[in-house]
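# Breakdown of the fold
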Amino acid sequence: CCRGVESDACAPIHSPTEMQLPMNVRRSARRSSCLARVGAVAGATALLLHVARPWFAGRESTANFVGTPNSLRSPLNRRFTAVATATAEVAVASDQITDEEPLHVLVAGAGVGGLALANALGNMPRIKVTVIEKTSAFKRFGGPIQLASNAMMNLKELNRELYDKIEAKATWTGNLTNGIKDGIRSEWYAMFDLKTPAADRGMPFTCVVERPDLQEIMLAELGQGVVRNGAGVDSYTHLPGGGVIANLDDGTEVRGDVLIGADGIWSSIRATMHKNEVRGDGSGATYSGYTVYAGELNYKPTDNGEVGYKVYIGPNQYFVVTDIGKGRYQWYAFLAKPVGTSKSEASLKSTEVVDGCAAGNPAYLREVFEGWSSEIHDIIRATRDDEVQQRDLYDRPPSLTEPWHEGHVALLGDAIHAMMPNLGQGGCQAMEDAIVISEELKNLSRRSEVPDALAKYKERRLIRSASVQGLSRFASDIIIRGFDTPAKISFDDGIKFENFGYAGIVTRMLQPILPVFFQVQFSFLYSDYRNRFALDLGAAVGFLVLGGIPLLLFSAGIFDTGILATLGLEGLVAGAEGGGVIETLTTIGEETASLL
């Protein structure tokens, strides 16, 4: 299941069959081709480690993501300040962790991951928690967040009372109809069953919760004085003999035994640890090549109460609609665009109503999705311009070679494994991080054991989080760059062959494979949600054999030469070998199109 968002728009508006990717987006696609392969083999560690390496070869990096603002001055200037010499005078606590001298854990950031960690540690003996949050006070802001079954189960086992409060605010979607629709014809293309994998494991179904509600509930569970508002962590300094000082952006300092960076994709903790910039080309974050328009509104479609989530696929873009409860719906339009088109293409957005769609973003999207399903047009038509936001989508490569921790400091959630929103697993994986960190810290008897505990946290989380990262990017790449309107033979008014180009044929060929792929995908996500290496081997093998390999073959253009020979294409595989997804599809697609 895909979900949530964090992701700009094109020149002349073409019909779906005429839409072409801009040259710079095609270049970006080449750089990210290996990411698609990562997702296809998420259940296989060796292949994951192999295909993720090109992430570090130097993709184009820019930054324009909505996140917590931080100083843009060099982290080297932040790191080597007078604070480093002043810390020697700070009294160091004894190594022994006691009731009188508990382990003091600093959490940078009061997002979902940071609050989950604070709640997990809050009731543990001999542990004190301080959450350091940049904003001056909690304000209701943000839309719904998906909590998949793995996240809900973790919450349920962590604190039943907390879980019950969250459940009371939830809208269940995992027990409804969910799937992919033909974006042109409005026909169901493939269903994904979220219910069975959860029910088989006795897990709660996937749901959506308003992010402000979730944060408010988690904050209420914390004691007075746990959250320190008004200044964020700018950098940190190691204390001699152990411990850490968090240097805040207002010039103050907070001392602790452990510092966990839960400060998002533009993490200052990560920048300090990795010795790079918070934002910009050297930050390590990369623009995905996709922008997203997100709308949230009161709406009642004909399938209200029956369908939780539907993805409309078509050429070079896709559209998502999800029920978020209480008569409200959220939709997303994912487009392959250069970075920054919210500004560079603002002049393309109509200042007049278009087919009943409000001026601005709705009118623009109505034209972008010209020729697509009337169901898409209906919900766009019902949306006001002030109910639409556009964001560029950024993620990070799996941190296979970069550190997750340094001494008494570690990273959590988007700070270490920011991912595309297509699986709705960003917040869920942050919660898994929080549970593992709390488990590794709770039984420590000495402060000197903290570095080993944080190393164990990385060992338990690295492969699983990297697999989900790769799979999330794969989902984006394959849906936008691989899928098309499925080929179809129509018998209305005689025999008619619809969209019998290469991509249309392959999209149709994948139709029977995808339900099986989804089944093993969710089995993989819902197994070992506690990261105890009790990996569902059947799910992993099934993911690779039944789902990953066919999609990997599709994305890499490696097809049976006998089949290709029947089309006169047997020489294309060798010619495309070593190319990325787009290069291979383009090469074979052009040849296929010439024969049809």
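You'll find the structure just up there.
Here's a quick rundown of the structure.

### Some details on the overall build of the protein chain
Counting its regular elements, the protein chain contains 23 helices and 21 strands. Relative to its 596 residues, the protein chain shows a buried fraction of 58%. Surface summary for the protein chain: the accessible area is close to 22,900 Å², and the carbon and sulfur share equals 54%.

### Examining the sheet that holds strand β18 (residues 405-406)
An order of β8-β2-β1-β12-β19-β18 is seen for the six strands of this open sheet, with the pairing classed as mixed. The open sheet is flanked by β8 (227-229) and β18, the only strands paired with a single partner. Here strand β1 (residues 103-108) pairs with strand β12 (residues 258-261) via four bridges, running parallel. Bridged to valine 105 within β12 is valine 258.

### Comments concerning helix α19 (residues 514-526)
Taking 1.5 Å of rise per residue, the 13 residues of α19 would be expected to cover 18 Å, and the 18 Å separating its terminal C-alpha atoms lies within 8% of that figure. Of all 13 residues that make up α19, 10 are buried, and the element is covered over most of its length. Those residues of α19 not exposed but buried are Leu514, Phe517, Phe518, Val520, Gln521, Phe522, Ser523, Phe524, Leu525 and Tyr526. Immediately beyond the C-terminal end of α19, within one or two residues, lies aspartate 528, with a positive phi of roughly 50 degrees.

### Re the packing of aromatic side chains
Summed over all chains, the structure comprises 17 aromatic pairs. Seen in terms of ring centroids, phenylalanine 192 and tyrosine 309 are 6.3 Å apart; in terms of plane orientation they differ by 50 degrees. Their pairing is tilted. A residue pair is termed long-range when its members are at least 10 positions apart, and phenylalanine 192 in the loop between β6 (188-191) and α9 (195-200) and tyrosine 309 in strand β14 (residues 307-314) qualify at 117 residues. The interplanar angle of 50 degrees and the centroid separation of 6.2 Å between the aromatic rings of tyrosine 332 and phenylalanine 334 together place this pair among those described as tilted. Among the aromatic residues, those joined into a cluster by ring pairs are Phe192, Tyr309, Phe517, Phe518, Phe522 and Tyr526. Above the face of the tryptophan 188 ring, lysine 181 is positioned so that its terminal group lies 5.0 Å from the ring centre.

### Digging into the state of the cysteines
By the definition in use, this model includes zero disulfides. Cysteine 428 carries a free sulfur, and the closest cysteine sulfur to it, the one in cysteine 207, is 8.8 Å from it.

### Observations regarding the pairing of strand β16 (residues 328-336)
Burial analysis of β16 places eight of its nine residues in the buried class, the great majority of the element. Sheet topology places strand β13 (residues 286-298) next to β16; nine bridges connect them, and they run antiparallel. Note on β16: the bridge partner recorded for alanine 294 is tyrosine 332. Relative to β16, strand β15 (residues 317-325) runs antiparallel, the two being bridged by eight bridges. Opposite threonine 322, over in β16, you have glutamine 330 as the bridge partner. Connecting the antiparallel pair β15 and β16 is a turn made up of two residues, with lysine 326 showing a positive phi of about 55 degrees.

### Here we look at the side chain of arginine 366
Considering the arrangement of structural elements, one finds arginine 366 in helix α13 (residues 361-368). At a separation of 2.8 Å, a polar atom in the side chain of arginine 366 contacts the side chain of aspartate 355. Setting aside its immediate chain neighbours within four residues, arginine 366 contacts Val354, Asp355, Cys357, His377, Ile380 and Arg381.

### Side note on the sheet that holds strand β5 (residues 177-182)
Reading across from one edge, β6-β5-β14-β15-β16-β13-β17 is the order of the seven strands in this open sheet, with mixed pairing throughout. Both edges of this open sheet fall to β6 and β17 (388-395), since each of them pairs with a single strand only. On average, each strand axis in the sheet is tilted by 25 degrees relative to the strand beside it, whichever way the strands run. Pairing analysis gives six bridges linking β14 to β15, with the strands arranged antiparallel. Within β15, the residue paired with glycine 314 across the bridge is glutamine 317. The sheet contacts of helix α14 (residues 374-381) involve β5, β13, β14, β15 and β16, and relative to β15 the element is tilted by about 60 degrees. Against the sheet, α19 makes contact with β5 and β6, and its axis sits at roughly 30 degrees relative to β6, the strand it touches most.

### Some thoughts on a nonpolar patch on the surface
A cluster of nonpolar side chains, Ile489, Phe491, Ile495 and Phe497, forms an exposed patch at the surface whose accessible area comes to about 470 Å². Locating isoleucine 495 in the fold gives a position in the loop between β20 (488-490) and β21 (496-498). For isoleucine 495, a relative accessible area of 57% gives the class exposed.

The rules behind the values
Residues numbered from 1 in each chain as written. Predicted model: local features only at pLDDT ≥ 70, side-chain atom pairs only at ≥ 80, totals over all residues. Heavy atoms only, no water. Helix = DSSP H or I, 4+ residues; strand = E, 2+ residues; numbered from the N terminus. Buried < 20%, exposed > 50% of the residue type's maximum accessible area, 1.4 Å probe, protein only. Areas by Shrake-Rupley, 256 points an atom, 1.4 Å probe, with all protein chains shown as cover. Pairing = 2+ DSSP bridges. Expected span 1.5 Å × (residues − 1). Phe/Tyr/Trp six-rings, centres within 6.5 Å; stacked < 30°, edge-to-face > 60°. Lys NZ or Arg CZ within 6 Å of the ring centre and 35° of its normal. Disulfide = S-S within 2.5 Å. Polar contact = N/O pair within 3.5 Å; in protein donor to acceptor, adjacent residues only side chain to side chain. Contact = heavy atoms within 4.5 Å. Axes fitted to C-alpha atoms, helices over the stretch in contact; angles between N-to-C directions. Patch = residues over 30% accessible without salt bridge, like charges linked within 9 Å, V, L, I, M, F, W, Y side chains within 5 Å. Salt bridge = Lys/Arg side-chain N within 4 Å of Asp/Glu carboxyl O.

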